[in-house]
Amino acid sequence: MPRQTVKVCIRTRPTANFASEAIQIDVAKNTVLINTAHKKAMEAHHPDVGMNNSESLYGFNFHQVLHNASQDTVYETMSRDVVQSVVDGTNGTVMTYGQTGSGKTFTMIGDTRNFAHRGIAPRAITHIFNTIAERPEIDFKISCVYYEIYNEKVYDLLDDLSNSETRTDFQIAEEKNGRGVHVRGLNEVDIPSEQDALNYLYSGELARTTSQHKLNRKSNRSHSIFTIYIQQRARSGVSERIIASKLNLVDLAGSERLKKTIDGDIDDTTKKESMYINQSLTYLEQCVVALSKKGGGGYVPYRQTKLTNVLKDSIGGNCNTLMFANMWGEEAHLEETISTLRLAARMMRVQNDTQKVESFDDAMMVKKLTKEVKELKQELLMHDAMVERSGIVYDDYTPEQKLELREKIEKFLAAEIGSDEEYDAVSLSSVRQMREILNQFKRITLEKDVHIKRAVTAAANGSMTRGMDMTGAEAKGEGSAPTFGDAKDAVGDVVEGDGFGLGMAGSDLRPSQLDGSPSRGAGVTGGGGSPGKTFERSADLSYDAQDKSSATTTYSEYKGEVPEDKEEAFALYKRTKGKKENQQMLSLKAEVKSLKSKSKVLTIECNDCKDEIDRIGGKISLKKTARLSQMQPGGYSDDIDVVDEEEFDLMKQQREAKKGYKAGMSELMDLKDKIRSMQNDVDDRKYSLLQDFDHWHGLALGTVIDDGGGSGLNAETGEVMDDAEMFEKMELERIKAENPDSLAFFQAQKTRRANQTQNSLTIRQMGKNKRSVGV
């Protein structure tokens, strides 16, 4: 693709003290005009301010200017196109730049407590996973890393929050035609869902280094980069082609002047932080200036700082880059605003490549090449047929061909040396045939060796003759082995070659007793409940439709005490309140069992059909080999390759058998899908039955209070929910009803609050450790 410039969008921070006299914004023309004449006139009458001869009028034109725009407008205007290009296969970067307090982090991350005010990063995550859901034909693999650059050191923001010890010995590397510039050793985590991605994003935000100063109550003291890696390949066929792309979401620290950010004395930590921030941003500006020069090709100081090094792909590399320049439109910040707009204007002259990065999966490539080899062999066979070269085999020998070749070799071995039989036994036609002959010779030799070793061992034990003359039960002294065909009083049907088969059990058959327990109707005493209580066998876990006559008691009619033992109570529950659900579940289980029996029969039929196809194929192969061997072995011939009537009938039988096999397999697959679906239904009904029983048993024993709010059970654990869990469930249902798209954000917000509460001390200690290093 052709080179394209970096896109630049200006966003103003909403303020009640906007300098309307000095700043003029034309949203329609995307221009910003700054006039500092009024400020110079005021400074001229101040006794402590000297003469200012700098220019007073500045005009800028950008790709987009957003004045008092909402978060949704900010994303939809230009950010959406960058994120979409990443999903389509090209690299993308969205970065925020500006002075401290101008709204960079709010633009990138947004308000973590308000769904409508979420920033570019969470919206991009939602966009990516929504697009992936619309492309089921493509297999996506998504992962991410999150790190910050603080005082020229790299910190992994996805480290465990409970661990205050952090490492900083990370190396920045570059892979050509791969990931490009990246940081080695970071925790790269797979993100299978939108909620997981938001959890990692917000967890990393908690670990960022922040402090308070005059212009910002929670100022970020580091540059942060959240990178999402995407790998995609086609699901259909053998796809060895992999397209890799990445999305960099960069939140730069704000440029600042110490006299504006600090009241009173300046502490060493803040001074050092400001020095590193301004230094890295200065080198970033130098890189932009070097890249924006006409002709390019000059030296670009990427390696001066870690920030410019990791952004090498984003500015001047293979990337579709968008920069948001945030400005604080108050008169007190005019100087910083002009500096921000100047860098943004220079950034518009930087040109990037935007081409897809493709790689190939070695395993898939092997499969593809194997397929090509097979096709080339077919081409060779066609070529041999055209030049009338017969009997040439390029594929592996079939079992029938191996058997035929073995018989020829055995005939060759049995013939006298130099006889005509020896000469006519085997004829050499190809290298492949010679290799197969050697393989068969090797097998024959090994079999002879094994036979000789067994004979020697038997002779050493004094039973060589007995072992050679006796078989089966005779050799063991048990008398003659029974012949199944002579057993007139045996049970079952005679199966050819396999003895007796007892047939297939019916789907409704059950053992009369389970685990040696008494039959139905016999009294059994509960093992762990109240002593002396007797329950009928019909209350056992194997209760089915045959027990209807003995299970006439309903829940409303049952006035006795509910046993504390869960097994006894469960048996009672299935005879009373849960009778209908239990009968439905057992009926469904019987239907599943019947379908499984049908599936077994269908599987046997398909296997028999496959054996028939192989048998016919072996006959056709032998006929073809014999037919081709009758033709002249080399050169051109007037012989015509004609299929005789017998071979033609075999080919028709094979075609019909394949049709039957295909239809049978299709029916078998549909049946298995139906069994799988019904089995899932059985499992759901069983789970529901157990949940309802736990609640019923708890009510009976007084361990659960029925407040009329549903089952009161946790769907994940099956345990009784407390008030907080019930409130959470109601809240989730409310959010699903109002805005289903916000569910992942809401759950990630809860996870963030929980992490912040549980690890608050560790997070504070981690921040102190970072800021105290080197001071």
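All of these numbers come straight from a predicted model, not from anything done at the bench. (Residues numbered from 1 in each chain as written. Predicted model: local features only at pLDDT ≥ 70, side-chain atom pairs only at ≥ 80, totals over all residues. Heavy atoms only, no water.)

Overview of the overall build of the protein
Convention followed: A run of DSSP states H or I qualifies as a helix once it reaches four residues; a run of E qualifies as a strand once it reaches two. Both are numbered from the N-terminal end. Each residue is placed in one exposure class: buried if its accessible area under a 1.4 Å probe, protein chains only, is under 20% of its type's maximum, exposed if it is over 50%, and partly exposed if it falls in between. Between two residues, a contact is recorded if the distance between any of their heavy atoms is within 4.5 Å. Accessible areas in this description were obtained via Shrake-Rupley with a 1.4 Å probe; residue shielding takes into account the shown protein chains only.
Helix and strand content of the protein: 20 helices and 23 strands. When burial is assessed residue by residue, the protein has 38% of its 775 residues classed as buried. Contacts in the protein between residues at least 24 apart in sequence constitute 71% of all its contacts with a sequence separation of at least 6. With the model as given, the accessible surface of the protein reaches about 44800 Å², and the carbon-plus-sulfur share is 50%.

A short note on a negative patch on the surface
The line we're drawing: Distance thresholds for patches are 9 Å for like charges and 5 Å for nonpolar side chains (Val, Leu, Ile, Met, Phe, Trp, Tyr), applied to residues having over 30% relative accessible area and no salt bridge. Think of a salt bridge as a Lys or Arg side-chain nitrogen and an Asp or Glu carboxyl oxygen that are within 4 Å of each other. A residue counts as positive if it is Lys or Arg and as negative if it is Asp or Glu; His and the chain ends are not included. The atoms used to mark charge sites are NZ of Lys, CZ of Arg, CG of Asp and CD of Glu.
A cluster of acidic residues, Glu605, Asp608, Asp611, Glu667 and Asp670, forms a negative patch on the protein surface. Secondary-structure elements contributing two or more residues to the negative patch are helix H16 (579–629) and helix H17 (645–701). It is H16 that provides the largest number of residues to the negative patch, a total of three residues. Considering the arrangement of structural elements, one finds Asp608 in helix H16. A residue is classified by how much of its surface remains accessible, and Asp608, at 46% relative accessible area, is partly exposed.

Considerations on the pairing of strand E2 (residues 7–12)
Rules: In this description, strands pair whenever DSSP reports at least two bridges between them.
Taking burial as the measure, the six residues of E2 include five buried ones, the bulk of the element. Here E2 pairs with strand E17 (residues 320–327) via six bridges, running parallel. Bridging from a neighbouring strand, Lys7 pairs with Leu322 of E17. For E2 and strand E6 (residues 64–66), the ladder comprises three bridges, and the chain directions are parallel. In the sheet register, Cys9 faces E6, and the bridge partner there is Gln64.

Points about the UniProt feature "binding site: ATP" (unreviewed entry) in the protein
Let me state the cut-off plainly: UniProt positions are given in the numbering used here, feature names are shortened, and annotations may be inferred rather than shown by experiment. In the cavity and pocket records, a cavity denotes points on a 1 Å grid over the protein atoms alone where a 1.4 Å probe fits but cannot get out, a pocket denotes an open set with protein on both sides within 12 Å along at least 5 of 7 lines, and lining residues are residues with an atom within 4 Å of a point.
The UniProt feature table records "binding site: ATP" (unreviewed entry) at Gly98, Gln99, Thr100, Gly101, Ser102, Gly103, Lys104 and Thr105. Checked against the lining of the second largest pocket, the annotated residues reduce to Thr100, Gly101, Ser102, Gly103, Lys104 and Thr105. One can find Gly101 in the loop between strand E7 (92–98) and helix H3 (104–108). Exposure remark for Gly101: the relative accessible area of 10% places this residue in the buried category. Within the element layout of this structure, Ser102 appears in the loop between E7 and H3. Note on Ser102: relative accessible area 1%, which makes it buried.

With respect to the nonpolar core
Spelled out, the test is: We define the nonpolar core as a collection of buried residues of types Ala, Val, Leu, Ile, Met, Phe, Trp, Tyr and Cys that are connected through side-chain atoms lying within 4.5 Å of one another.
Membership of the largest hydrophobic core comes to 49 residues, with the highest contact counts inside it found for Ile10, Phe62 and Leu311. Here Ile10 is in contact with Phe62, Gln64, Val65, Leu66, Ala325, Met327, Leu341 and Ala344, once residues within four sequence places are set aside.

Describing empty space enclosed by the protein
In this approach the atoms are scanned with a rolling probe the size of a water molecule, which exposes any empty space left behind. Heads up, the condition is: Grid points are joined across faces, edges and corners, and a volume is the space filled by probe spheres set on the points.
Across all of its chains, the model carries six cavities of 30 Å³ or more by this definition. In this structure, the largest cavity encloses a volume near 80 Å³. Looking at the lining of the largest cavity, the elements with two or more residues in it are strand E8 (138–150), strand E11 (180–184), strand E15 (223–234) and strand E16 (241–251). Approximately 50 Å³ is the volume found for the second largest cavity. Lining the second largest cavity are Ile149, Asn151, Glu152, Arg221, Ser222, His223, Tyr276, Ile277 and Ser280.

What about unusual backbone geometry?
Although it is not a glycine, Asn30 sits at a positive phi angle of roughly 60°. Within the secondary structure layout, Asn30 lies in the loop between strand E3 (23–26) and strand E4 (31–35). Positioned with a positive phi, Asn68 is a non-glycine residue whose angle comes to about 55°. Secondary-structure assignment places Asn68 in the loop between E6 and helix H2 (71–88). The class of Asn68 is partly exposed, set by a relative accessible area of 46%.

Description of the packing of aromatic side chains
Any aromatic ring pair is given by two values, namely how distant the centres are and how the planes are angled relative to each other. Here is the rule we go by: Only rings of Phe, Tyr and Trp enter the pairing, Trp through its six-membered ring, and a pair is recorded when the two centres are within 6.5 Å. The plane angle decides the type: under 30 degrees is stacked, over 60 is edge-to-face, the rest tilted.
As enumerated under the stated definition, the model contains nine aromatic pairs in all. Considering the side-chain rings of Phe115 and Phe745, the 5.5 Å spacing of their centres and the 65° angle between planes classify their relative orientation as edge-to-face. Here the residue Phe115 occupies a position in the loop between H3 and helix H4 (120–133), and Phe745 occupies one in helix H19 (residues 743–758), the gap between them amounting to 630 residues. Assessed through its relative accessible area of 21%, Phe115 is described here as partly exposed. Taking the relative accessible area as the measure of exposure, Phe745 reaches 4% and is therefore buried. Between Phe570 and Phe693, the aromatic rings sit 5.0 Å apart at their centres with planes inclined by 65°, giving edge-to-face as the arrangement. Here Phe570, found in helix H15 (residues 566–575), pairs with Phe693, found in helix H17; they are 123 residues apart in sequence, far enough to count as distant.

Focus on H15
Within H15, eight of the ten residues are buried, leaving the element largely enclosed by the surrounding structure. Of all the positions in H15, only Glu568, Ala569, Phe570, Ala571, Leu572, Tyr573, Lys574 and Arg575 are classed as buried.

Quick notes on the pattern of salt bridges
Within the structure shown, the criterion is met by 22 salt bridges. The residue Arg123 makes a salt bridge to Asp72 at a minimum N-O spacing of 3.3 Å. One end of the pair, Arg123, is in helix H4; the other, Asp72, is in helix H2, and 51 residues separate them in sequence. For Arg123, a relative accessible area of 6% translates into the label buried. The closest approach of N and O atoms between Lys610 and Asp614, which form a salt bridge, is 3.1 Å. Remark: Asp614 and Lys610 occur in helix H16; sequence separation between them is four residues, near one turn of the helix. The network of salt bridges with common partners includes Glu205, Arg208 and Asp251.

Some details on the sheet that holds E4
Neighbouring strands of a sheet are bound in pairs by backbone hydrogen bonds; such pairs are parallel or else antiparallel. Inclusion rule: In this description, a line fitted to the C-alpha atoms serves as the axis of each element, helices being fitted only across the stretch in contact, and the angle between N-to-C directions of two axes falls anywhere from 0 to 180 degrees.
Reading across from one edge, E3-E4-E5 is the order of the three strands in this open sheet, with antiparallel pairing throughout. Strands with a single pairing partner mark the edges of an open sheet, and in this sheet they are E3 and strand E5 (57–61). The average undirected angle you get between the axes of adjacent strands in this sheet is 10°. Where E3 meets E4, four bridges bridge the pair, whose relative direction is antiparallel. Across the sheet, the residue bridging to Asp26 is Thr31, located in E4. Relative to E5, helix H9 (residues 334–347) is tilted by about 40°, and along the sheet it contacts E3, E4 and E5.

Re the layout of surface pockets
Rules: Three categories are distinguished: nonpolar for Ala, Val, Leu, Ile, Met, Phe, Trp, Tyr, Cys and Pro, charged for Asp, Glu, Lys and Arg, and polar for the others, with Gly belonging to the last.
Of the pockets and cavities examined, the second largest pocket occupies roughly 1100 Å³. Lining the second largest pocket are 34 residues, with Thr105, Phe106, Gly110, Asn216 and Lys218 positioned closest to its centre. Of all the secondary structure elements, the ones that give two or more residues to the lining of the second largest pocket are E2, H3, helix H5 (194–206), strand E13 (210–211) and strand E14 (219–220). Ranked by the residues each element gives to the lining of the second largest pocket, the list is headed by H3, at four residues. Grouping the constituent residues of the lining of the second largest pocket by class yields seven nonpolar, 17 polar and ten charged.

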